[in-house]
Amino acid sequence: MAETASGAMAETAKTGAVAEATKAGPKATGASIADRNKSMADRNSRNNRSKKTTARATAAPPVSLPDAVDQALRRFDPRSVWFGCGRTIIALAHLITLALTPSAALLHPLLGEQPYPHCAGVQAISTYCVGGDAVSQEWRRWIMVALLALVASGYRPRWTAWIHAWIAYSIGVSTALPDGGEAIARIVCLLLILMGLADDRRWHWQRPTTVLGPRRRGVAFAAFWALRIQLVILYLQSGISKFGVPDWLNGSAEYYVLRDPVFGVAEPFAAPLLHMSGNGLLVSVMTWGAIIIELVIAALLIGPERWRKLAFWMDVLLHGAIIATIGLWSFSLIMIGSAAVAATPDRVELADPLPPSGRRPGRRAVPQDGR
């Protein structure tokens, strides 16, 4: 019996040891999994740091100016809606001037000068001079209005850009009192010819369907930059020159502009604006605000695409305020249209070309009998 009791006790001890080992097993296994997870996390962290270090070490060097210009040239395409909108707005500015102003007013003789139009030398190519006395000036005016309507419609920009430049030149050199907008339009319309040479669209509202060749792309790119630089110089000069005028420096210039007997504010905004001009703080804000906006527009026009689009909307704000206060419709529209062209995107997505049949790819013609 003693042996039996001893054997039972031995078996009990062995069973207890096994149970203790079984209990310890999961704990030991859990600790091992946690250690492995921590080890894997450490390795992933080291790998991520190594990748970041390698990426910094292998990062491309700064792009040089010639390379940046080459990249910008390769992706440039002027055939955008912005280009078309700019052309249309400038053409409408000229159309409004001619349609609403009789020829006798545009060609009114000035004291001490020969009667207008002046047709000597290169000015003989003006629309006001071609054909001599055989065509009346009123007929010329309405012919120009019709041609400008064609330009504004957006039809065949490659060819109508020449017509627009011819009319802009004619208005600038042949009318008695052209304003600053006409001088700007002559330069802009000449540059639009060079940009238009790359535009093979039927309508400038359409997306292009053909790949632009390198020569026309290069000419259009150079003209695009020339236009932007012209506008930058113009707005810089306009903003900086105001610092030399005491009325602009002391913030009172808008008071005199709004109350000018000839070019001052007109209806329907006359009453509220004249009332506002009696408040010194508001007058100072309007005066200095105009200077600040001009300088900001100049800075934005030299920048990337998103900056140029912001410059366009600021241009709309500035010249829209000029239209609302003192008029100057033609000048303001010319400036807004020029800013729209300057905001032309860097890249234009091509549309799907039409097959020779005129149907979209993948679209089958429906038989006449409906089957």
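What counts and how
- Residues numbered from 1 in each chain as written.
- Predicted model: local features only at pLDDT ≥ 70, side-chain atom pairs only at ≥ 80, totals over all residues.
- Heavy atoms only, no water.
- Helix = DSSP H or I, 4+ residues; strand = E, 2+ residues; numbered from the N terminus.
- Buried < 20%, exposed > 50% of the residue type's maximum accessible area, 1.4 Å probe, protein only.
- Phe/Tyr/Trp six-rings, centres within 6.5 Å; stacked < 30°, edge-to-face > 60°.
- Lys NZ or Arg CZ within 6 Å of the ring centre and 35° of its normal.
- Disulfide = S-S within 2.5 Å.
- Expected span 1.5 Å × (residues − 1).
- Contact = heavy atoms within 4.5 Å.
- Core = buried A, V, L, I, M, F, W, Y, C linked by side-chain atoms within 4.5 Å.

**Q** Explain the environment of I89 here, please?
**A** Examined against the element boundaries, I89 turns out to sit in helix α3 (residues 81-100). Given a relative accessible area of 19%, I89 falls into the buried group. Between the C-alpha atoms of I89 and L333, which are 244 residues apart in sequence, the distance is 6.2 Å.

**Q** Even after reading the chapter, I still don't get the packing of aromatic side chains, so can you show me in this structure?
**A** A ring pair, where both rings are aromatic, is described by two values, the distance of the centres and the angle of the planes. Inspection of the entire model under this criterion finds seven aromatic pairs. Ring plane angle 85° and centroid distance 5.3 Å describe the contact between Y255 and Y256, whose orientation is recorded as edge-to-face. What links up through ring pairs into an aromatic cluster is the set F76, F221 and F224. One Lys or Arg, R228, reaches over the ring of W225 and ends 3.9 Å from the middle of that ring. Above the plane of the ring of W248 lies K242, whose end atom (NZ or CZ) is 5.0 Å from the centre.

**Q** Just checking my understanding: could you explain the state of the cysteines for this structure?
**A** What makes a disulfide is a covalent bond joining the sulfur atoms belonging to two cysteines. Overall, the coordinates contain one disulfide when judged by the stated rule. Here C119 is linked by a disulfide to C129, with a sulfur-sulfur distance of 1.9 Å. Between C119 and C129, the S-S dihedral sits near -85°, and the bridge is therefore left-handed. Taken as a pair, C119 in the loop between α4 (103-106) and α5 (137-153) and C129 in the loop between α4 and α5 lie far apart in primary sequence, ten residues in all. Classification of C119 by relative accessible area gives partly exposed; the value is 37%.

**Q** Explanation requested: helix α13 (residues 305-326) in the structure shown.
**A** An α-helix turns once per 3.6 residues; consequently, residues spaced three or four apart project the same way. Spanning 22 residues, α13 covers 31 Å between terminal C-alpha atoms, matching the ideal 32 Å at 1.5 Å per step. Residues of α13 that are buried include every one of R308, A311, F312, M314, D315, L318, H319, I322, I323 and T325, and no others. Buried residues in α13 make contact with α3, α8 (214-241), α10 (253-258), α11 (270-276), α12 (280-301) and α14 (329-342). G327 sits one or two positions beyond α13 and adopts a positive phi of about 85°.

**Q** Would you explain α8 in this entry?
**A** The end-to-end C-alpha distance of α8 is 40 Å, a good match for the 40 Å that 28 residues give at a rise of 1.5 Å each. Those residues of α8 not exposed but buried are R217, A220, F221, A223, F224, L227, R228, L231, V232, Y235, S238 and G239. Next to the buried residues of α8 lie α2 (65-75), α7 (180-196), α12, α13 and α14.

**Q** What should I look at first to understand the nonpolar core in this one?
**A** A general feature of soluble globular proteins is that nonpolar side chains tend to end up buried together. The biggest cluster of nonpolar side chains holds 45 residues, and the ones touching the most others in it are L192, M195, L227, Y235, I297 and L301. Elements supplying a minimum of two residues to this core: α3, α6 (157-174), α7, α8, α12, α13 and α14. When near neighbours in sequence (up to four residues on either side) are disregarded, L192 contacts F83, R87, I90, A161 and V341. In this structure, L107, Y116, V145 and I171 belong to the second largest nonpolar core, which totals twelve residues.

Structural measurements only, silent on function.
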